[in-house]
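# Residue-level structural notes
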Amino acid sequence: MEGLLPRRPRGDRVTSEVALLGIRHHGPGSARAVAAALAQWQPDAVLVEGPPEADAIVHLAAEKDLVPPVALLAHAVDDPAKAAFWPYAEFSPEWVAIRHAVEHDLPVRFIDLPAAYGFAPAPEKTEAEEESVEPVADPLALLAEAAGHDDAERWWEDVVEHRAPGTDALAPFEAVAEAMGALRAEGLGESRRDRLREAYMRQQIRAARRAGHCRIAVVCGAFHVPALEAMPTVAHDRALLAGLPKKVRTDITWVPWTHRRLSQATGYGAGVQSPGWYHHLFTTDGDPVPRWLTRAAELLRAEDHPVSSAHVIEAVRLAETLAVLRGRPLAGLTETLDAVRAVLCDGSDIALELVRDRLVVGDELGEVPDTAPAVPLQRDLTRSQRSLRLKPEAAPKDLDLDLRKENDAARSRLLHRLRLLGVDWGVPARSSVNSTGTFRESWRLCWQPEFAVRIAEAAQWGTTVEEAATAKAVGTARAAEELAELTGLVETCLLAGLSGALPAVMRVLADCAALDTDVAHLAGALPALVRALRYGDVRGTDHGALAEAAAGLAERICVGLPPACVGLDAQGAAEMRGRLDEVHGAIALLAADTAPAPAGDPDGGEPADLAGLADRWAAALRSLARRDPAGGPATGAPGLLRGRAVRLLLDDGRLDSEEAGRRLRLVLSVANAPADAAGWVEGFLTGGGALLLHDPRLLALLDEWLTGVSGEAFTDVLPLLRRTFAALEAGVRTTIGSRVAAGPLGEPPAAPAPAGELDRARADATVPVLALLLGVRPTIPRQAAGRDT
C-alpha cells in the first residue's frame, strides 16, 4: 500500500498539504496513532471535527485545571433545553490533537457543522425526501464482517488498538482511508446530514489554505475521510449548504464529564463500553494486562475478597493463554475479564460485576477551570459548593446532616433548592444513623453531567440559587392545578428556606383550598402541610400561616369525610383508607400544637383553633363508623372504611374494647353480607393484630363468624381474609394459630400457678449481674429487724 505521504484532498491546485487523519472517536489506539502522526508530520495548523462555536474557548485546553473527561456543551440561548454535548476523554483522538496544538502554539479550529444549525427548526422535507430511505449501517461492522469477524469491537481491537507502532506514523491512516473509501463507493452508511457536514468541513479546509497554512492536519471520523479527500468544486458545496436553516443564537462552554456517562449509548452518552479500560490502555506504557489485573486485585481486596499476588500471576498467564488460543495478537478486555472471573473471583459473577463497574467503566469526573464561560447561576452554585465543602462527585455518596448545625442546615437548603430547580444532585435517602428526630436528614449524592443543561435552563429564574429557586417556586404555584401539589410546594419552600416565596405560595394555596370541594384532594393535601409544620422548631421557620391553612383544611375534612365515603367501590375504598390513616396522623400532630400563631405573623391571621380539632375528628370517625349499608346504598360506606374508623377510635382511647367488640359482633352477624364483614375485619385489623391476643373475646367472635360462613360465601371472603392476616406480624399470626388450635376461645388463658416462697439468698445473687447490665452500682438488700431495708 502506498502510504508514505499524507492523504491530500485532490482537485485543488494550491501547494499546501493536508493530512487526513481518520480516527475512531474515543479510541485509545487512534489517539496514540494521532499523537505519533502529529509528532512526525509537524503541521502548522490543526483542524478537528467539532462545533466551530468552540473556537473561542479551545485555548482553555492549555490550562492545567481543565482535566478530562470533559465535554463541550452548546445550547440555544433562548431555549437552553436545546443542547448538545461533545465529550472528550484523555484517550479521545480529538483531545490529543487539541492538546498537541495548544502545547505547540498552533492554530486549532473546529470544522464540523455549527451547533447553531442543529438547534434550528428542521426544514420541511420535500416529497422526494419523504419517499427516499437513506441507508444506515455501522461501517466498522461491515469491515469486520468483510474480514470474517462477527464482533466489530473485537476486530477493531485486534487491528488498531493492539497494533504495534511502526516506523511510518501516517501509514495506518492510509489503510483506514482506503477501507472507508471502499465502503463509501458502495453508498453504505451515508445520510443527508453527513453530506452537509462534509461539505462544511471542506469549506473550512479551503479557509485554512487561504489563511496561508501549508501543512494542515485534519482529525475527523474515519468515515468522512473519502468525502474530504474528493474535494469537489466550491460551487458544489455551496449548493449543498444553501438549504441550511437560519442559525440559532448559541452559547458554548466546557463542562465536567464522567466515564460512566461515556459508557451509556442513550441520551448524552457516547456508547463507549469500557472507558476505564480504554483509559488504562492509553495511559499505560508496556504491557497493560499485568498492571490492570493488579488494580483489580487491589479493588477486590478492599472489598474483603481474598486475592493474593499468586492470583494475579495466574490471571496474567490465563489471559495470555486465552489470547493465543483465540488467535489474538494480545490479550484484550474479553480475555482479561475471563481471567478475572476464573482466578480472582473464583467464578463469581457478583465479584466480577464489581470489577466491571469500578474498573472497566469507572467513576472518573473531569474538572473545568473557573475561567470557562458559565451562567451566573452556575458560578453561584460553584461558590456555594466550595463554601459548604460539598464537592461534586460522580460516584454515589451518602451524606447525613444534623440540621441543628449551621453548616449542615445550609447544605440541606442548597440540596432542596437544587431539587426545586430540577437538579437532583442529592436525593433523600434512609438514614444510616438510628434516629427518629426531625433534625436529621440523609441524602444520596451523585453528580451527573447533564445537570449543566438543567442549570442553564434554571438560569432564567435568577442569578443565584436562592433567587432562582424562589422565582421557580412562585411560578410553579401559580401554574399548579391540584391542591396536593401546592401543599407539597409549601413543604419544599420550608425545607429549602425560601421565606421570600412562602407568602405568595400560601396565598395561592388558600385560594385553591377555598374552591376545592373534593375531600380526597383535601385529605391528600393535609399531611404534607402538617409535615411542613414539624420543621418550625429545628429550622426556625415562622409557621403561623401554615397552622391556619392546615386547620382550615382539617375542619373541612372533618365535615366532608363521612359523605365522601359513601358508595365507593373496592379500589376507591382502598385509596380512601390510605387517606384516612394519613389524615388521622396529621390531625394528631396538628392538634398537639395548640400554641397561638406568633405575634409577628405576616398574614395577620388569628391563632388557629386547634384545641377541639381532635374531638371534631373523632366525631367524624364515629359518623363514618355508623354508616352501615343496611341504611341503603345512598348512606352506606364500605366495611373497610367503617372498620378502620372503629380501629382508629379504639387506638385513641375514644372507644373501649367492649364497645369495639359489640360493633364487631353486629358486623359479623348473619344479617350482613360476608364480603362487607370481611372488609370491616380488614380495616379493623390493619396496622396490628395484637389486640386479638389482648382481648380474647374479639378473637372468639371472629372465629365464631368464620366457622359459620357458608361454603359458597367462604370462597368469596377467603382472599380478603388471607390478605388481612398476611399483613399481621409473624409472631401474632403464630400465637393466634396456637390459641385456635388449643381449644375453645373466649376466655383469657389461665394465670400461672403462684410460685413458692421467695428464696432471697438466690435472688440477692443476681443483683451484681443486673447492676452490671444496667450500669449502676450494686446494692444488696440487707435484712434488719426481720424486714428488708
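Let us look at the structure shown here. All residue numbers here refer to positions counted from 1 along the written sequence of the relevant chain. Side-chain atom pairs in this predicted model are given and counted only at pLDDT of 80 or more, local residue features only at pLDDT of at least 70, and totals for whole chains, interfaces and linings cover all residues. Only hydrogens and water are removed before side-chain values are computed, so all heavy atoms of the structure are retained for them.

We count a stretch as a helix when DSSP gives it H or I for four or more residues in a row; a strand needs E for two or more, and each element gets its number in order from the N terminus. The helix and strand tally for the protein stands at 36 helices and 12 strands. Classification of residues uses two cut-offs on accessible area relative to the type maximum, computed with a 1.4 Å probe and protein chains only: under 20% is buried, over 50% is exposed, and between them is partly exposed. Taking all 789 residues of the protein together, the buried fraction comes to 47%. With the model as given, the accessible surface of the protein reaches about 39100 Å², and the carbon-plus-sulfur share is 53%. Here the accessible surface of atoms and residues is derived via Shrake-Rupley with a 1.4 Å probe, and residues count as covered only by protein chains that are part of the display.

What follows concerns the pattern of salt bridges. Throughout this description, the term salt bridge denotes a Lys or Arg side-chain nitrogen within 4 Å of a carboxyl oxygen of Asp or Glu. Counting across every chain of the model gives 33 salt bridges. For the salt bridge of Asp 78 with Arg 249, the shortest nitrogen-to-oxygen distance reads 3.3 Å. Here Asp 78, found in the loop between strand 3 (70-76) and strand 4 (83-88), pairs with Arg 249, found in the loop between helix 10 (234-241) and strand 7 (250-256); they are 171 residues apart in sequence, far enough to count as distant. The shortest N-O distance in the salt bridge between Arg 417 and Glu 466 comes to 3.9 Å. Linking Arg 417 in helix 18 (residues 406-420) with Glu 466 in helix 20 (residues 465-479), this pair joins segments that are 49 residues apart in sequence. Glu 466 sits in the partly exposed class, given a relative accessible area of 41%. Taken together, the shared-partner salt bridges in this structure form one network comprising Arg 326, Arg 328, Glu 335, Asp 338, Arg 341 and Asp 349.

Glancing now at the packing of aromatic side chains. Given two aromatic rings, their pairing is described by the distance between the two centres and the angle made by the two planes. Two rings belonging to Phe, Tyr or Trp (six-membered ring only in the last case) form a pair when the distance between their centres is within 6.5 Å. Interplanar angles under 30 degrees mark stacking, angles over 60 mark edge-to-face geometry, and anything in between is tilted. The final tally for this structure, using the stated rule, is eight aromatic pairs. Pairing Trp 447 with Phe 451 gives two aromatic rings, centres 5.1 Å apart and planes at 85°, and the pair type is edge-to-face. Put simply, the rings of Tyr 88, Trp 95 and Trp 254 touch in pairs and so form one group of aromatic residues.

The strands making up a sheet are joined through hydrogen bonds of the backbone, oriented either antiparallel or parallel. Paired strands are those between which DSSP finds at least two bridges. In spatial order, the strands read 4-3-7; together these three strands make up an open sheet with antiparallel pairing. Looking at strand neighbours, the two that pair on one side only are strand 4 and strand 7, the edges of this open sheet. Each strand of the sheet is rotated relative to its neighbour by a mean of 20°, with strand direction disregarded. As paired elements, strand 3 and strand 4 share six bridges and run antiparallel to each other. The residue bridging Ala 74 from the neighbouring strand is Ala 84, located in strand 4. Only heavy atoms enter the contact rule, under which two residues are in contact if any of them lie within 4.5 Å. An axis is simply a line fitted to the C-alpha atoms; with a helix, the fit covers only the stretch in contact. Between two such axes, the angle follows the N-to-C directions and lies from 0 to 180 degrees. Sheet strands touched by helix 19 (residues 451-458): strand 3, strand 4 and strand 7. Its angle to strand 3, the strand with the most contacts, is close to 30°.

Before going further, it helps to examine the nonpolar core. Here, nonpolar core means buried Ala, Val, Leu, Ile, Met, Phe, Trp, Tyr and Cys residues that are tied together by side-chain atoms lying within 4.5 Å of each other. One finds Trp 425, Leu 526 and Trp 617 to be the most contacted residues of the largest nonpolar core, which totals 107 residues. Sequence-distant contacts of Leu 526, defined by excluding residues within four places in its chain, comprise Ala 550, Leu 553, Ala 554, Ile 557, Val 583, Ala 586 and Ile 587. Core analysis: the next-biggest nonpolar cluster, separate from the first, contains 42 residues, Ala 71, Trp 277, Ala 331 and Ala 452 among them.

Further remarks concern the pairing of strand 6 (residues 215-221). Counting buried positions along strand 6 gives six out of seven residues, so the element sits mostly inside the fold. In this structure, strand 1 (residues 17-23) lies alongside strand 6, joined through seven bridges in parallel fashion. Across the sheet, the residue bridging to Gly 22 is Cys 220, located in strand 6. Inspection of the sheet shows strand 2 (residues 45-48) paired to strand 6 by four bridges, in the parallel sense. By the bridge assignment, Leu 47 is partnered in strand 6 with Val 218.

Looking now at helix 2 (residues 93-103). By the criterion of burial, helix 2 is predominantly enclosed, with eight of the 11 residues buried. For helix 2, every residue scored as buried is listed here: Pro 93, Glu 94, Trp 95, Val 96, Ala 97, Ile 98, His 100 and Ala 101. At the C-terminal side of helix 2, Asp 105 shows a positive phi close to 55°.

To continue, consider the packing of helix 30 (residues 674-685) against helix 32 (residues 696-708). In a pair of packed helices, the angle between the axes and the distance between the axes together describe the arrangement. Viewed as axis vectors pointing N to C, helix 30 and helix 32 meet at an angle of 155°, and their least axial separation amounts to 12 Å. Here helix 32 runs roughly antiparallel to helix 30, going by the angle between their axes. Note on packing geometry: the crossing formed by helix 30 with helix 32 is left-handed. Counting all contacts with helix 30, which are made through Pro 674, Ala 677, Ala 678, Val 681, Phe 684 and Leu 685, the residues of helix 32 involved are Leu 698, Leu 702 and Trp 705. We call two directions roughly parallel when the angle between them is under 35 degrees, roughly antiparallel when it is over 145, roughly perpendicular when it lies between 65 and 115, and oblique otherwise. Handedness of each helix crossing follows the sense of rotation of the near helix against the far helix: counterclockwise by less than a right angle gives left-handed, clockwise gives right-handed.

What follows concerns the packing of helix 21 (residues 483-495) against helix 22 (residues 502-515). For the pair helix 21 and helix 22, the least separation of the axes is 10 Å and the interaxial angle reads 160°. Put simply, helix 21 runs roughly antiparallel to helix 22. You can see that helix 21 and helix 22 cross each other, and the crossing is left-handed. Residue-level inspection shows Leu 483, Leu 486, Thr 487, Leu 489, Val 490, Cys 493 and Leu 494 of helix 21 in contact with helix 22, the latter providing Leu 502, Val 505, Met 506, Val 508, Leu 509, Cys 512 and Ala 513. Gly falls in the polar group here, along with every residue not listed as nonpolar (Ala, Val, Leu, Ile, Met, Phe, Trp, Tyr, Cys, Pro) or charged (Asp, Glu, Lys, Arg). Looking at the contact of helix 21 with helix 22 residue by residue, the class counts come to 13 nonpolar, one polar and no charged.

Now for the side chain of Asp 676. Its location among the elements puts Asp 676 in helix 30. Contact partners of Asp 676, with chain neighbours within four places excluded, come to Pro 629, Pro 638, Gly 639 and Arg 642.

With that settled, consider helix 29 (residues 657-667). Three or more residues of helix 29 are buried, namely Ala 660, Gly 661, Arg 663, Leu 664 and Val 667. End-on, the buried residues of helix 29 take up no more than an arc of 160°, which puts them together on one face. The inward-facing, buried residues of helix 29 abut helix 27 (613-625), helix 28 (639-651), helix 30 and helix 32. Polar contact is the term for a pair of N or O atoms within 3.5 Å; when the atoms are in protein, one must be able to donate a hydrogen and the other to accept it, and sequence-neighboring residues count only if both atoms are side-chain atoms. Residue Asp 656 occupies the N-cap position of helix 29, its side-chain oxygen lying 2.7 Å from the main-chain nitrogen of Glu 659. Directions drawn from the helix axis to the C-beta atoms are what define this arc.

A surface patch of nonpolar side chains, amounting to about 450 Å² of accessible area, comprises Val 769, Leu 770, Leu 773 and Leu 774. Along the chain, the position of Leu 770 falls in helix 36 (residues 767-774). Put simply, a patch holds well-exposed residues, over 30% relative accessible area, that have no salt bridge, with like charges counted together within 9 Å and Val, Leu, Ile, Met, Phe, Trp or Tyr side chains within 5 Å.

All right, on to the environment of Ala 351 then. Inspection of the secondary structure assignment puts Ala 351 in helix 16 (residues 349-361). Spatially, the C-alpha atoms of Ala 351 and Glu 303 are 9.2 Å apart, while their sequence positions differ by 48 residues. Beyond its immediate chain neighbours, meaning those up to four positions away, Ala 351 contacts Leu 300, His 305 and Cys 345.

Turning to unusual backbone geometry, a few remarks are in order. Note: most peptide bonds trans; most residues except glycine with negative phi. At the junction of Pro 68 and Pro 69, the peptide bond is cis and its omega measures out at 10° in the coordinates. Even without being glycine, His 26 reaches a positive phi, approximately 60°. As for its placement among the helices and strands, His 26 is situated in the loop between strand 1 and helix 1 (28-41). Judged by its relative accessible area of 9%, His 26 falls in the buried class. The phi dihedral of Met 231 falls on the positive side, at around 50°, and the residue is not glycine. Structurally, Met 231 is set in the loop between helix 9 (225-230) and helix 10.

Limitation: the analysis is restricted to geometry and does not speak to function.
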